[in-house]
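Here's the letter readout for the chains.
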Amino acid sequence: MKYLLLIGIILILFGCTPLSKVGIENYDIEHIEKSDFSLLNGIYENQHDTVSGKLKHSPGNGFDELERLSILNQLFLSVPELSWRDSLGTIIEPNEKFIQIEFIDSKKAYVSFYHNHDLIFTKKIRGKFKNGYFYLRPKGFIIPLIPLIFGYNFQRTRIGKSGDFLLIDYTVNRWAFALVAGSSDKGYASSRYKVIKRK
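Okay, so let's go over this structure.

The rules behind the values
Sequence positions are assigned chain by chain, starting from 1 and proceeding in written order. Given that this is a predicted model, residues contribute local features only at a pLDDT of at least 70 and side-chain atom pairs are listed and counted only at 80 or more, while totals for whole chains, interfaces and linings are drawn from all residues. Water and hydrogen atoms play no part in the side-chain values, which are based on all heavy atoms of the structure. Numbering of helices and strands starts at the N terminus; helices are DSSP runs of H or I of at least 4 residues and strands are runs of E of at least 2. The classification of residues rests on relative accessible area computed with a 1.4 Å probe and restricted to protein chains. Under 20% of the type maximum is buried, over 50% is exposed, and intermediate values are partly exposed. Contacts were defined at the residue level, with two residues in contact if any of their heavy atoms lie within 4.5 Å. Residue-level accessible areas treat just the shown protein chains as cover; the underlying method is Shrake-Rupley with a 1.4 Å probe. In this description, strands pair whenever DSSP reports at least two bridges between them. Cavity and pocket criteria rest on a 1 Å grid covering protein atoms alone: a 1.4 Å probe that fits but cannot get out defines a cavity, protein on both sides within 12 Å along at least 5 of 7 lines defines an open pocket, and an atom within 4 Å of a point defines a lining residue. Grid points are joined across faces, edges and corners, and a volume is the space filled by probe spheres set on the points. Residue polarity is assigned by list, with Asp, Glu, Lys and Arg as charged and Ala, Val, Leu, Ile, Met, Phe, Trp, Tyr, Cys and Pro as nonpolar; anything else, Gly included, falls into the polar class. One side-chain nitrogen of Lys or Arg within 4 Å of one carboxyl oxygen of Asp or Glu is enough to make a salt bridge.

1. Quick look at the overall build of the protein
Across its full length, the protein carries 2 helices and 10 strands. Counting over 199 residues, the protein shows a buried share of 38%. In the protein, of all internal contacts separated by at least 6 residues, the share reaching a separation of at least 24 is 59%. For the protein, the computed accessible surface area is about 11,400 Å², with 57% contributed by carbon and sulfur atoms.

Laid out in structure tokens, this is it:
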């Protein structure tokens, strides 16, 4: 019962920023109805060409959190190591990564990761269309192993379209503590990804 109460408090006090308050200003957002889900299908660069927002990482690690955003790490809580390191252990350069999004209906889509022309893996996303965007199911978990380990991770993501670009709005609230050290990520971001080919 105490854990349930703790979880409820966390959900109330530490929830993510509403996606309705996130977005890149001055972009012509195309309003997509659920019957037009195929308009989001395509192959995209995994690295954004435009990004705005505020993501705070603690303690500071010397990296710009906004610049590290990609399609994959906004759609999923975790991704396979093969998304950033090839089978030989070599780091994959950003310009060698491509993402294919293929909706099979208005509630789910397959997201495939390509290293150059080679398909590496495919994962499924689920959600629903609302207000012209596809809202992914909110993602989150809590590790309540107090006092040794405690943490939570909540993410919300929606994807939209503006011309030849995929738009992603993203909010995150993550905190973890183990024994004597901890880290956190909190904030929001909007980013834009160029289409390589429409499917």
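2. A closer look at the pairing of strand β3 (residues 97-105)
For strand β1 (residues 42-45) and β3, the ladder comprises 4 bridges, and the chain directions are antiparallel. Note that in β3 the partner of Gly 42 across the bridge is Ile 101. Counted between consecutive antiparallel strands, the loop separating β3 from strand β4 (residues 108-115) contains 2 residues.

3. Some words on the environment of Val 51
Inspection of the secondary structure assignment puts Val 51 in strand β2 (residues 50-58). Taking C-alpha positions, Val 51 is 5.6 Å from Ser 190, a pair spaced 139 residues apart along the chain. Excluding residues that lie within four positions of it along the chain, Val 51 makes contacts with Leu 66, Glu 67, Leu 69, Ser 190 and Ser 191.

4. Regarding the layout of surface pockets
By rolling a water-sized probe across the atoms, one finds the places where empty space is left. Estimated volume of the second largest pocket: approximately 310 Å³. Considering the residues around the second largest pocket, the lining is formed by 14 residues, among which Arg 68, Ser 70, Ser 83, Trp 84 and Lys 97 are closest to the centre. When the residues that make up the lining of the second largest pocket are grouped by side-chain class, the tally is 6 nonpolar, 5 polar and 3 charged.

5. Observations concerning unusual backbone geometry
Phi is positive for Asn 116, which is not a glycine, with a value near 55 degrees. With respect to the element layout, Asn 116 can be found in the loop between β4 and β5 (118-130). By relative accessible area, which is 36% here, Asn 116 ends up partly exposed. Within the chain, Asn 131 stands out as a residue other than glycine whose phi angle is a positive 55 degrees. Within the fold, Asn 131 resides in the loop between β5 and β6 (133-136).

6. Re the pattern of salt bridges
Tallied over the entire structure, the rule returns 5 salt bridges. For Asp 49, the salt bridge identified is with Arg 192, shortest N-O distance 2.8 Å. Separated by 143 residues along the polypeptide, Asp 49 in the loop between β1 and β2 and Arg 192 in strand β10 (residues 181-198) bring together distant segments of the chain.

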